[in-house]
Amino acid sequence: DLGMFGDDRGFRGHVGALVRGRLTTGGVKLLGGGFLAVMVTPTAHGFIWWRVLLGAAVIALAANTANLFDRAPARCIKGALLWGVVLFATCDAAARPSLGGVAIVLGAAIGLMVFDAREQLMLGDAGSNVLGAVLGWGVVATTGWVTQVVVLAALVALNIVSERVSFSKVIDGNRVLRAIDRFGRSAPDT
């Protein structure tokens, strides 16, 4: 028995354990990540409590979603780069300067991608959560609340689906996704 840190898995397992009064390692990440997301949520429109909570939810779930994709070498980084391209391409030109920090983190991820793909290092929870959180922050910093609600709905859906569906199996079952996933890797998974 792990005592107060149980081995419940998945978002539902960790939330369920918290509801039952038991703290899991995932519960620590959930509470700590949620608190941190509230603290870093941009408040360009002033402190409006529901917008802060909306932004924090986007940031926290973006972090968790990136972590869900960190199951194969360089997969999380490739997904983050795709998200980053979409973010930079779709945001208003006037808002782009606020994405400087996002660009720096994505640049660092690019620098790590070859080593991650060759399995010489791995992002792990710390790297993938930061990468996702920064991209979530970028969404909150450059979009209005309607877009944030849409992004939040997509992130919630991905997190719910991940409880039942293996993203690795979906990727491996699609020729295009599999080719992208394996691009640059030293050897295919066995």
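In short, a report on the structure. (Residues numbered from 1 in each chain as written. Predicted model: local features only at pLDDT ≥ 70, side-chain atom pairs only at ≥ 80, totals over all residues. Heavy atoms only, no water.)

Helix and strand counts for the protein stand at nine helices and zero strands. Along the chain direction, N to C, the helices and strands of the protein fall in the order α-α-α-α-α-α-α-α-α. Counting the 190 residues in the protein, one finds 35% classified as buried. Partitioning the contacts of the protein with sequence separation of at least 6, the portion at a separation of at least 24 is 63%. For the protein, the exposed area adds up to about 10800 Å²; of that, 69% sits on carbon and sulfur atoms. (Helix = DSSP H or I, 4+ residues; strand = E, 2+ residues; numbered from the N terminus. Buried < 20%, exposed > 50% of the residue type's maximum accessible area, 1.4 Å probe, protein only. Contact = heavy atoms within 4.5 Å. Areas by Shrake-Rupley, 256 points an atom, 1.4 Å probe, with all protein chains shown as cover.)

Turning our attention to the nonpolar core. Within the largest apolar cluster, 27 residues are counted, with the highest numbers of intra-cluster contacts made by Val58, Val102, Leu106 and Leu131. Residue assignment for this core shows that the elements contributing at least two residues are helix 3 (49–68), helix 4 (75–90), helix 5 (100–117), helix 6 (124–142) and helix 7 (145–162). Among the elements that make up this core, the one with the highest residue count is helix 3 (seven residues). Setting aside its immediate chain neighbours within four residues, Val58 contacts Gly136, Val139, Val140, Gln148, Val151, Leu152 and Leu155. (Core = buried A, V, L, I, M, F, W, Y, C linked by side-chain atoms within 4.5 Å.)

In this section: the layout of surface pockets. In this structure, the second largest pocket occupies an estimated 770 Å³ of space. Listing elements by their share of the lining of the second largest pocket, those giving two or more residues are helix 3, helix 4, helix 6, helix 7, helix 8 (167–172) and helix 9 (175–182). The greatest single-element share of the lining of the second largest pocket, amounting to eleven residues, is contributed by helix 4. (1 Å grid on protein atoms, 1.4 Å probe; cavity = no way out; pocket = protein on both sides within 12 Å on 5 of 7 lines; lining within 4 Å. Points joined across faces, edges and corners; volume = space filled by probe spheres on them.)

As for its position among the elements, Leu53 is in helix 3. Separated by 15 residues in the primary sequence, Leu53 and Val38 place their C-alpha atoms 6.7 Å from one another.

It is worth spelling out the packing of helix 4 against helix 6 at this point. Contact geometry for helix 4 and helix 6: axes closest at 10 Å, N-to-C directions at 10°. With respect to helix 6, the axis of helix 4 lies roughly parallel. Residues Cys76, Ile77, Ala80, Trp83, Gly84 and Leu87 of helix 4 form the contact with helix 6, whose own contacting residues are Ser128, Leu131, Gly132, Leu135, Gly136, Gly138, Val139 and Thr142. Residues of the contact of helix 4 with helix 6, tallied by class, amount to eight nonpolar, six polar and no charged. (Axes fitted to C-alpha atoms, helices over the stretch in contact; angles between N-to-C directions. Parallel < 35°, antiparallel > 145°, perpendicular 65-115°, else oblique. Nonpolar A, V, L, I, M, F, W, Y, C, P; charged D, E, K, R; others polar.)

With that out of the way, let us pick up the packing of aromatic side chains. Evaluation of the coordinates by the stated rule reveals two aromatic pairs. Where Trp50 meets Trp145, the ring centres are 5.7 Å apart and the plane angle is 85°; that geometry is what we call edge-to-face. Residue Trp50 is located in helix 3, and its partner Trp145 is located in helix 7; the two are separated by 95 residues in the primary sequence. With 4.8 Å between their ring centres and 10° between their planes, Phe69 and Phe167 make a pair best called stacked. Remark: Phe167 occurs in helix 8 and Phe69 occurs in the loop between helix 3 and helix 4; sequence separation between them is 98 residues. Taking relative accessible area as the criterion, Phe69 reaches 24% and is therefore assigned partly exposed. (Phe/Tyr/Trp six-rings, centres within 6.5 Å; stacked < 30°, edge-to-face > 60°.)

Applying the stated criterion across every chain yields a total of three salt bridges. Of the charged contacts, one joins Arg182 and Asp172 as a salt bridge, the two residues approaching to 3.3 Å between their closest N and O atoms. Linking Arg182 in helix 9 with Asp172 in helix 8, this pair joins segments that are ten residues apart in sequence. One network of salt bridges, in which partners are shared, links Arg75, Asp181 and Arg185. (Salt bridge = Lys/Arg side-chain N within 4 Å of Asp/Glu carboxyl O.)

If you check helix 5, its first and last C-alpha atoms are 26 Å apart, about what 18 residues at 1.5 Å a residue would give, namely 26 Å. Remark: the principal bend of helix 5, roughly 35°, maps to Gly111. Buried within helix 5 are the following residues: Val102, Leu106, Ala109, Asp116 and Ala117. Packed against the buried residues of helix 5 are helix 4 and helix 6. The positive-phi residue at the C-terminal boundary of helix 5 is Glu119, with phi of around 60°. (Expected span 1.5 Å × (residues − 1). Bend = angle between axes of the 7 residues up to and from the residue.)

Interpretation in functional terms is not warranted from these geometric data alone.
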